[in-house]
Amino acid sequence: MSTCKESEALRFEAVVAILDRYERDPSRLIPILQAVQEEYRYLPEEILTYVAVSLDLSPAKVYGVATFYGHFSLEAKGKYVIKVCDGTACHVKGSTGLVDALRAELRLEGKKKTTDDLLFTLETVSCLGACGLAPVMTVNDEVHGLATPAAALEIVKSIREKEAAHAAN
Amino acid sequence: MLRIESKEGRAPDLEVVAAAWDSARARALRRIVVCAGTGCIANGSLKVYEALKARAAEAGLKVSIGLDVHNDARKDALLTKSGCQGFCQVGPLVTIEPDGILYTHVHVEDVPEIVEKTLVRGEAIERLQYRDPVSGEVKRGKGEIDFYARQDRRVLSACGVVDPEDLYEYIARDGYRAARKALLEMSPAEVCEVMKASGLRGRGGAGFPTGRKWELALRQDEKEKYIICNGDEGDPGAFMDRSVLEGNPHSVVEGMLIGARATGATVGYVYVRAEYPLAVVRIRAAVEAARASGFLGKDIMGSGVDFDIRVMEGAGAFVCGEASAMVSSIMGNRGMPRPKPPRTAEKGLWGKPTVVNNVETLAQVATIVLHGAAEYRRTGTESSPGTKTYALTGHVANTGLIEVPFGTSLRTVLFDIGGGVLGKDGKPDNAAFKAVQIGGPSGGCLTKEHLDIPMDFDSLGAIGAMVGSGGLVVMNDSTCMVQMARFFMHFTQNESCGKCVPCREGTRQILALLDDIIEGRADETTLGLIEELCENVAESSLCGLGASAPSPVLSMLRQFRPEFEAHVRDKRCPTGQCKALSPFAIDPAACKGCGMCAKACPASAISGERKEAYRIDQAACLRCGACVATCKFNAIKRGAL
Amino acid sequence: MSGFVTVDGIKVPIEGEANLLALIRKANIDIPTFCYHSHLSTYGACRLCLVEINGKEIDASCVVPPKDGMTIRTSTPRIRSMRRMNLELLLANHRQDCPTCERSASCKLRDLASRMGVRDVRFRRTRPEQAIDEGSPCLVRDPNKCILCGDCVRYCAEIQGIGAIDFAHRGTEACVTPAFGKSLGEVDCVNCGQCAAICPTAAIVPRSHVDAVWKEIDDPNAKVVAQVAPAVRVALGERFGLPAGTITTGRIAAALRMLGFDAVYDTAFGADLTVVEEATEFLGRLAAEESGARPPLFTSCCPAWVKFAEQSFPELLPRLSSCMSPQSMVGSVLREEKARSVASGKDDGRKLRVVSIMPCTAKKYEIARPELSRDGHKLVDYVLTTNELASMIQEAGIRFQDLRSGSMDLPLGFSSGAGIVFGRAGGVSEAVARYASAEYRGGSAEALDFAEEAPGSGVRTASFEARGRRITVLSVQGLANAKRIAREILAGTRQADLVEVMACPGGCVGGAGQPIATDAASRSQRAAGLAQADGERELRSTADNPFIASFYSGTLGCKPGEGRAHELFHTRYSSKKRIQDASIRLVKGSGQRRIPVKVCVGTSCFLKGSQAILADVLHHVESGGLADFVDVSATFCSEKCGKGPTVTVGDTILERTTSAKVMEELLARVEELKAGATA
């Protein structure tokens with residue numbers, strides 16, 4: 001009945017705990033943001049503002065740091081985060097074809113990284129360090145080596161089926 | 001029974017610990033080392049590890065999981081995990097000592113046989129051992145395999161052998177002896193002298209003499225100094241630093257401790273890129289273990305030296321590998337480099353002297369201090385002493401992590417260790433060798449004519465290439481060099497911090513011009529404009545990222561100009577890689593009209609009637625290649641119709 | 001370091017310069033640069049100031065310290081080629097509409113491109129068109145003209161201590177923006193405009209009122225009057241070839257009438273009013289020491305400082321002088337006269353439009369403050385900066401420099417010397433001191449003798465005698481300095497009686513509406529011009545201005561600070577702590593009517609335990625099944641930092657509260673709600 005977002009409250013408490021852990025030291029901004037992002041899976045605007053105020057930093061500065069580093073996301077990510085490695089070895093073994101196939105399948109154009117149903121986020125990362133298995137893609141950190149476009153599309157298909165079955169129950 | 005403890009945070013007696021570890025090791029009949037480097041883990045080595053544990057227990061064997069020096073009992077085997085064992089191509093790897101056996105491609109299904117045959121009966125399982133692809137011979141272990149035998153693993157000597165989470169094993173292998181010597185028997189200036197005499201040059205790419213850098217910091221009249229370990233190995237295709245941090249993290253801790261002694265630093269940072277979660281875990285654990293045993297903290301080993309280390313994870317910015325950008329990042333800012341002077345050794349973190357050293361550099365420090373500069377100089381060349389690790393990847397038979405003395409030729413690395421070049425069908429074909437990119441996105445390429453050049457800082461520098469961090473990517477003749485130039489430029493352009501005009505704007509324009517070439521829009525001014533831009537970016541950029549961004553492009557233009565000109569003048573891509581210049585097409589003669597390709601196409605670009613030749617709509621085609629993979633009749637080809 | 005550096009063959013002595021760039025300028029070589037300013041941190045990004053050192057390296061001259069024996073070449077073929085190419089690269093992504101661009105005459109990019117011989121741009125535009133930010137009343141940002149030199153970022157962060165804009169994103173996506181890409185008007189920008197003043201292009205420009213004012217002038221039903229600020233008269237001439245500091249008051253009056261203004265007044269008259277009101281207020285506080293009015297008294301005529309105080313130091317607001325600024329006081333008098341004339345039936349029926357000519361961009365924000373309106377009319381309707389007035393004069397074809405002096409309209413066109421010096425830093429204090437000091441004798445003397453606290457600190461001290469004691473005065477320039485002083489005052493580590501804060505360098509003479517000064521010398525020349533104008537007055541103290549005296553006795557019929565004077569000349573401030581509107585919703589009830597509970601988790605309340613209260617409240621709401629009826633949010637600041645922790649339940653504000661009290665109030669409300677629902 002109620003939409004008590006207890007998890008929201010808990011997450012916010014976690015942010016306060018994070019700030020305490022790092023002694024509200026503005027030079028620890030990056031580890032603080034990393035910890036906050038782990039909590040929320042992305043960096044919500046109002047939380048970033050709260051962090052800025054707590055650290056006595058201007059919000060523009062915190063925004064500048066959050067947008068500089070590739071790991072920080074100011075947009076909510078999908079339930080399944082697909083990372084395709086575009087390191088040199090993977091590139092040479094055809095990772096671009098993999099990315100193109102996935103982008104077409106998930107209908108992601110331009111800068112869009114997350115599907116509208118918030119099911120998938122597709123990211124390109126440089127070098128996961130599994131070069132012997134190139135090309136490499138991971139789905140929520142589960143590694144799929146020697147990936148082909150066909151195999152990638154299969155994985156997407158099976159996830160969709162699984163989620164649809166879940167929703168039906 | 002001997003108890004090893006640190007009393008009140010005081011470091012334990014090293015010789016006592018080593019002796020205890022050796023005795024404990026001797027109480028185990030065998031040692032099984034399962035490779036737990038990122039590559040093998042991705043291949044399932046942890047599952048193998050768990051299966052070995054379980055299966056050995058079932059078989060009634062007494063197996064020690066990790067070595068407990070306080071446990072008296074005799075054991076049948078000691079089971080440990082190691083960092084990267086190097087031969088990633090054939091992982092997961094399992095080593096059995098003292099038998100000297102190396103098992104490759106080990107999977108969970110193989111475990112029962114390993115337990116029964118090797119652990120119980122001491123027999124080797126041939127099908128799991130390495131088979132030489134040329135002679136067909138089965139090789140017993142690392143000592144017999146060319147890939148290993150031709151290397152000179154020093155920095156990596158312990159990686160892939162020791163348990164990275166066992167501080168005592170590190171001590172048993174002379175760990176922290178060098179630190180003790182530096183702290184208790186040498187002055188800071190003397191430590192700097194040894195480093196200078198050794199000629200050790202930074203392994204991060206610039207090759208700056210480490211001893212001189214430390215001395216510069218020592219000379220600064222400041223109480224607060226810092227030492228940073230640069231673990232932000234951002235070159236795509238390079239994983240040497242990761243392996244050291246995963247496989248032998250204490251070597252880095254000890255290196256930093258000695259560096260702190262040499263420079264007067266009291267606080268150290270290890271900055272590891274977050275893409276290396278295992279390395280982060282291992283180095284954090286090593287720092288904590290070192291601290292708990294009194295190797296970090298106050299008055300270390302009674303020397304009066306205070307030093308401690310903080311581990312920080314990068315947040316996804318390649319430019320943070322640049323020293324002043326890394327300093328900026330550690331202070332909680334955007335990772336923007338600053339112009340020099342002053343050097344970071346003079347003014348770094350919070351304006352204080354800060355030494356930034358690469359992981360591999362620090363990993364060598366202890367050996368140099370312990371065994372002396374002269375011993376160190378016996379390997380390598382006059383101006384580039386010592387060894388270098390390389391990540392050998394790409395179209396080469398044996399991919400993995402290797403280490404060879406400076407001065408080794410490319411030929412040795414590529415053919416003797418690497419096992420030769422793979423052709424476009426994945427089979428050995430040395431004639432298909434086209435180029436090796438060395439130094440990643442800051443480096444240049446070496447071709448057939450450079451096969452016998454000694455690989456060291458100065459020889460490579462002289463031909464416009466660089467050692468860089470050590471990434472070696474082998475490319476066969478199916479590789480389009482224009483595409484590779486574009487790949488590297490895209491990478492650097494994407495990672496540019498955006499501060500200075502030449503790098504921010506220049507790399508973007510170079511990329512646009514390369515895209516013109518690839519997409520058939522180039523004209524007679526394009527190549528000249530690219531060269532002019534490259535020179536400008538190289539000379540006027542603020543930091544090393546910009547300064548070296550044009551290197552791959554210039555190098556490839558120099559070595560492969562005809563290939564570029566074919567793209568520009570003839571609008572033709574000789575390798576067929578450039579999609580715009582070589583579209584996919586269905587050969588109507590070979591096509592059976594089965595429609596499988598149309599089903600596989602994610603862009604619905606293929607259409608046709610059953611039993612009649614299908615057609616690809618070029619406008620919709622993404623050139624992803626999914627159709628080629630599905631076609632059983634080899635009817636889909638690349639190239640102009 | 002002493003010795004010599006050889007620059008292009010010329011031996012130049014080293015005289016304490018921090019870098020080669022400053023030294024090379026002594027050799028009469030104007031090294032090009034976008035990002036080097038001696039008062040800002042060195043950035044080193046534009047790569048135009050490159051020089052060849054000792055025949056070997058090419059380095060940025062702004063970072064290399066001079067060393068005896070160095071040989072520098074500033075213009076080798078390689079360097080010239082690099083400069084051109086870097087300018088070309090900037091132009092490629094710059095909207096090149098120079099003929100219609102308002103900074104065209106003073107744009108550094110256009111100037112350098114021309115000087116460095118760039119005749120062709122061979123590169124394409126790679127950035128998509130970005131939206132122009134017009135959401136601030138004072139400044140307009142056009143990111144398509146930004147060259148990312150970072151001057152504005154560094155000025156706002158280092159000199160003003162605010163950081164309302166900063167770099168975001170990376171590489172070619174890098175841009176300068178307020179947080180989260182918001183408009184400048186939505187964040188903690190105080191409108192000082194120094195970003196626009198230092199910007200080498202038209203990426204940030206003051207928001208123009210020119211077209212609106214033309215419309216009013218052209219409207220026959222509008223009576224359009226102008227008031228001119230002191231700092232304008234010593235700078236306007238620079239746009240017409242006159243040296244900085246030339247007093248052009250008479251020419252301005254003449255030009256304004258030629259443009260079509262119906263009357264011309266002097267803001268310095270308003271400054272005299274301000275002196276009277278503020279000195280009275282000040283002496284009153286000295287006498288009374290009422291609570292909330294502990295010293296010091298802060299001046300309030302700088303609107304950027306006022307907004308800054310409202311945002312960052314609301315606890316100091318009771319100590320801000322409640323006086324309006326001079327321009328508002330003049331506007332207030334004009335509105336009052338208009339009202340009286342309407343009441344007496346003598347009015348000509350035209351609308352009154354008051355236009356201020358100001359050196360300042362923040363004044364455009366000030367006039368829109370709700371407190372500065374009366375009976376639905378703004379006290380001042382428009383603000384034209386010095387530059388905007390110059391543009392109008394040029395548009396009308398007037399040869400300003402050759403005009404014969406006109407005069408302003410009395411009595412609002414007359415001021416003492418004290419009113420004039422408001423235009424420079426320290427001037428307000430000086431004027432107040434002349435009025436209030438027992439020692440001031442007039443003549444050629446100054447009432448205050450300022451001493452700089454530390455070189456370059458932007459803080460100067462002085463004192464004067466009044467009511468039998470020594471009054472300490474601080475003159476502070478730059479808001480970062482103001483922040484520091486404010487903190488010291490709050491911490492009790494600094495004492496002062498009167499603090500004057502000016503956001504702009506040198507005070508109003510350095511305002512962002514003034515002609516773009518190519519060097520700091522212009523500012524000091526303008527200040528010298530004001531001193532001259534002051535010195536030329538016979539009546540140097542406000543006390544001697546006869547029109548002021550008769551204004552109070554005659555027109556107002558009351559004493560300063562009281563009655564009608566208080567109504568006309570005093571205003572209010574309110575806390576504008578930055579994150580006022582943002583809050584984090586933690587529980588959203590599902591019922592139709594819900595009671596909002598807001599727990600302040602700003603730093604001050606947090607330190608007093610609001611986090612624990614929040615946790616308790618959430619726990620009770622969940623376990624007590626109240627979630628249907630309640631919305632719980634965490635807010636950033638309820639602006640009652642002294643009385644925290646504060647929790648708002650519905651519309652009741654609980655101060656210094658506890659979880660128990662909050663729950664008690666909440667449960668009572670929920671019962672009410674339930675009862676109301678069933679009724």
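Note that this is a predicted model, so its numbers are computed, not measured.

A. Region of the structure containing the overall build of chain A. Across its full length, chain A carries 7 helices and 5 strands. The secondary structure elements of chain A, listed N-terminal to C-terminal, are β-α-α-α-α-β-α-α-β-β-β-α. The principal-axis extent of the C-alpha atoms belonging to chain A is close to 50 × 45 × 25 Å. The buried share among the 169 residues of chain A stands at 57%. The contacts of chain A with a sequence gap of at least 6 include a subset with a gap of at least 24, amounting to 64%. As displayed, chain A has an accessible area near 7,300 Å², and 49% of this comes from carbon and sulfur atoms.

B. The arrangement of the packing of helix α20 (residues 526-540) of chain B against helix α22 (residues 551-559) of chain B in detail. All names here are of chain B. For the pair α20 and α22, the least separation of the axes is 10 Å and the interaxial angle reads 140 degrees. By the criterion of interaxial angle, the relationship of α20 to α22 is oblique. Considering the relative orientation of α20 and α22, their crossing is left-handed. Contacts from Leu527, Ile530, Glu531 and Cys534 in α20 reach Val553, Leu554 and Leu557 in α22.

C. Broad picture of the interface of chain A and chain B. Counting from both sides, the interface comprises 38 residues of chain A and, opposite them, 46 residues of chain B. Between chain A and chain B lies a buried interface of about 3,300 Å² when both sides are counted; carbon and sulfur atoms form 63% of it. Linking chain A with chain B are 0 salt bridges, by the criterion used here. Summed over the shared surface of chain A and chain B, the number is 12 residue pairs in polar contact (both at pLDDT 80 or more). At the level of elements, α2 (29-40), α4 (59-68), α5 (88-92), α6 (95-105) and α7 (149-168) of chain A are the ones that each hand at least two residues to the side of chain A that touches chain B. Top element by residues in the side of chain A that touches chain B is α4 of chain A. It accounts for 5 residues. Considered class by class, the residues forming the side of chain A that touches chain B number 20 nonpolar, 13 polar and 5 charged.

D. Looking closely at the sheet that holds strand β3 (residues 50-53) of chain C. Residues and elements named next belong to chain C. Taken together, the 5 strands give an open sheet; going across it, the order is β2-β1-β5-β3-β4, and neighbouring strands pair in mixed fashion. In the strand order of this sheet, the two ends are held by β2 (10-13) and β4 (57-60), each with one partner. Going from strand to strand, the sheet's axes swing by 35 degrees on average, the running direction of each strand aside. Pairing of strand β1 (residues 4-7) with strand β5 (residues 71-73), which is carried by 2 bridges, proceeds in the parallel orientation. Directly across from valine 7, in β5, lies its bridge partner isoleucine 72. In the packing of helix α2 (residues 77-92) onto the sheet, the strands contacted are β3, β4 and β5, and the crossing angle to β3 comes to about 160 degrees.

E. Focus on the environment of arginine 83 of chain C. Residue and element names in this part refer to chain C. Along the chain, arginine 83 turns up in helix α2. Here arginine 83 falls in the buried class, since its relative accessible area comes to 6%. Taking the C-alpha atoms as reference points, arginine 83 and threonine 33, 50 residues apart in sequence, are found 10.0 Å from one another. In this structure, arginine 83 is in contact with Ile31, Pro32, Leu48, Leu50, Thr74 and Met116, ignoring residues within four places of it in sequence.

F. Region of interest: the pattern of salt bridges. Residue and element names in this part refer to chain C. Enumeration according to the criterion identifies 98 salt bridges over all chains in this entry. Among the ionic pairs, arginine 399 bridges to aspartate 402, the shortest N-O distance being 3.3 Å. Counted as one network, the salt bridges with shared partners bring together Arg95, Asp97, Arg125, Glu129, Asp142 and Lys145.

Calculation notes
- Residues numbered from 1 in each chain as written.
- Chains lettered and ligands numbered in written order.
- Predicted model: local features only at pLDDT ≥ 70, side-chain atom pairs only at ≥ 80, totals over all residues.
- Heavy atoms only, no water.
- Helix = DSSP H or I, 4+ residues; strand = E, 2+ residues; numbered from the N terminus.
- Buried < 20%, exposed > 50% of the residue type's maximum accessible area, 1.4 Å probe, protein only.
- Contact = heavy atoms within 4.5 Å.
- Areas by Shrake-Rupley, 256 points an atom, 1.4 Å probe, with all protein chains shown as cover.
- Axes fitted to C-alpha atoms, helices over the stretch in contact; angles between N-to-C directions.
- Parallel < 35°, antiparallel > 145°, perpendicular 65-115°, else oblique.
- Left-handed = near helix turned anticlockwise from the far one by under 90°.
- Buried area = accessible area lost by both parts, 1.4 Å probe.
- Salt bridge = Lys/Arg side-chain N within 4 Å of Asp/Glu carboxyl O.
- Polar contact = N/O pair within 3.5 Å; in protein donor to acceptor, adjacent residues only side chain to side chain.
- Nonpolar A, V, L, I, M, F, W, Y, C, P; charged D, E, K, R; others polar.
- Pairing = 2+ DSSP bridges.

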